[in-house]
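Fold and contact review
Residue strings, one per chain:
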Amino acid sequence: VLILISVGPIMSNVEQPNYTLIKKTKNIEIRHYENLIYAETSVTGPREESISTGFRIIADYIFGNNRLSESDNNSSKIAMTSPVIQERISNTSWKVKFIMPQSFTVQNLPVPNNEKIEIYEGNDEYYVTIRFSGSSSQKNLDKNHKILLDHISENDIKISGSTIYAFYNPPWTLPIFRRNEILYKINYD
């Protein structure tokens, strides 16, 4: 019996946000995003637990725990996108977000039934980001975070806000094929 196992890249076949690449230095980029719509929830606890809890809350929303409008109680499924975004608010407080598919506007997006979910639109956002593979372990995140912070310091980039993590792959993806990012919002002129 011959068993073939594919070990090629395993990327989610889901929509990812479009951006304009402003500048690239190795695996560090400055990007411009326009008109992204987010579904966001706030959670507390350790990072690993928080992303799991936040993911479940927002996944429940996109899988149909919503209503088409304030006056229409019918629900609708929303396509999954990547990445799953986790933003540090404090050592034990996090925001977990999904970017909504580009086919939606804030006006036609289903309304969440769960009051823990906030829908909002980000306009004209610039980020400095580092892209890397491997697991989402704290050790791997810390290593790449230091590289990004050194680049920010060496290039006198003015960041604002807190650390943002972006995870593009399902958890069963082999670490070598995973796409992870750390981002900071910047004011770009």
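Attention in this report is confined to the structure presented alongside it. Because the structure is predicted, anything quoted here is derived from the model rather than measured.

**Describing the pattern of salt bridges**
- For the coordinates displayed, the defined rule picks out 12 salt bridges.
- In this structure, Lys-97 engages Glu-87 in a salt bridge whose closest nitrogen and oxygen atoms are separated by 2.9 Å. Placement of the pair is Lys-97 in strand E6 (residues 93-99) and Glu-87 in strand E5 (residues 84-90), with a sequence separation of 10 residues. Of the two residues, Lys-97 and Glu-87, both sit in the buried class.
- For the salt bridge of Glu-181 with Arg-179, the shortest nitrogen-to-oxygen distance reads 2.8 Å. For the pair Glu-181 and Arg-179, one class covers both residues: buried.

**Focus: the side chain of Lys-97**
- For Lys-97, a relative accessible area of 8% gives the class buried.
- At 3.4 Å, the side chain of Lys-97 forms a polar contact with the side chain of Glu-40.
- Aside from chain neighbours lying at most four places away, what touches Lys-97 is Tyr-38, Ala-39, Glu-40, Ile-58, Pro-83, Val-84, Ile-85, Glu-87 and Tyr-120.

**Looking at empty space enclosed by the protein**
- Using the criterion set out here, one finds one cavity of 30 Å³ or more in the structure.
- In this structure, the largest cavity spans a volume of roughly 140 Å³.
- Lining the largest cavity are 15 residues, with Tyr-38, Ile-85, Ile-99, Tyr-127 and Leu-183 positioned closest to its centre.
- Only strand E2 (28-33), strand E3 (36-44), E6, strand E10 (159-167) and strand E11 (180-186) provide two or more residues apiece to the lining of the largest cavity.
- Of the residues assigned to the lining of the largest cavity, the class counts are 12 nonpolar, no polar and three charged.

**Observations regarding the layout of surface pockets**
- Roughly 590 Å³ of internal volume is contained in the largest pocket.
- Lining the largest pocket are 24 residues; nearest its centre among them are Phe-55, Val-84, Asn-169, Pro-170 and Pro-171.
- Considering each element in turn, the lining of the largest pocket owes the most residues, six residues, to helix H1 (residues 47-62).
- The residue makeup of the lining of the largest pocket, split by class, is 11 nonpolar, nine polar and four charged.
- Its boundaries defined by the atoms lining it, the second largest pocket holds a volume of some 200 Å³.
- Taken together, 17 residues line the second largest pocket, and the ones lying closest to its centre are Glu-34, Asn-35, Leu-36, Ile-37 and Gln-102.
- Counting only elements with at least two residues in the lining of the second largest pocket, the list comes to E2 and E3.
- For the lining of the second largest pocket, the per-class residue count stands at nine nonpolar, six polar and two charged.

Each value, and the rule that gives it
- Residues numbered from 1 in each chain as written.
- Predicted model: local features only at pLDDT ≥ 70, side-chain atom pairs only at ≥ 80, totals over all residues.
- Heavy atoms only, no water.
- Salt bridge = Lys/Arg side-chain N within 4 Å of Asp/Glu carboxyl O.
- Helix = DSSP H or I, 4+ residues; strand = E, 2+ residues; numbered from the N terminus.
- Buried < 20%, exposed > 50% of the residue type's maximum accessible area, 1.4 Å probe, protein only.
- Polar contact = N/O pair within 3.5 Å; in protein donor to acceptor, adjacent residues only side chain to side chain.
- Contact = heavy atoms within 4.5 Å.
- 1 Å grid on protein atoms, 1.4 Å probe; cavity = no way out; pocket = protein on both sides within 12 Å on 5 of 7 lines; lining within 4 Å.
- Points joined across faces, edges and corners; volume = space filled by probe spheres on them.
- Nonpolar A, V, L, I, M, F, W, Y, C, P; charged D, E, K, R; others polar.

Any functional reading would require information beyond the geometric quantities listed.
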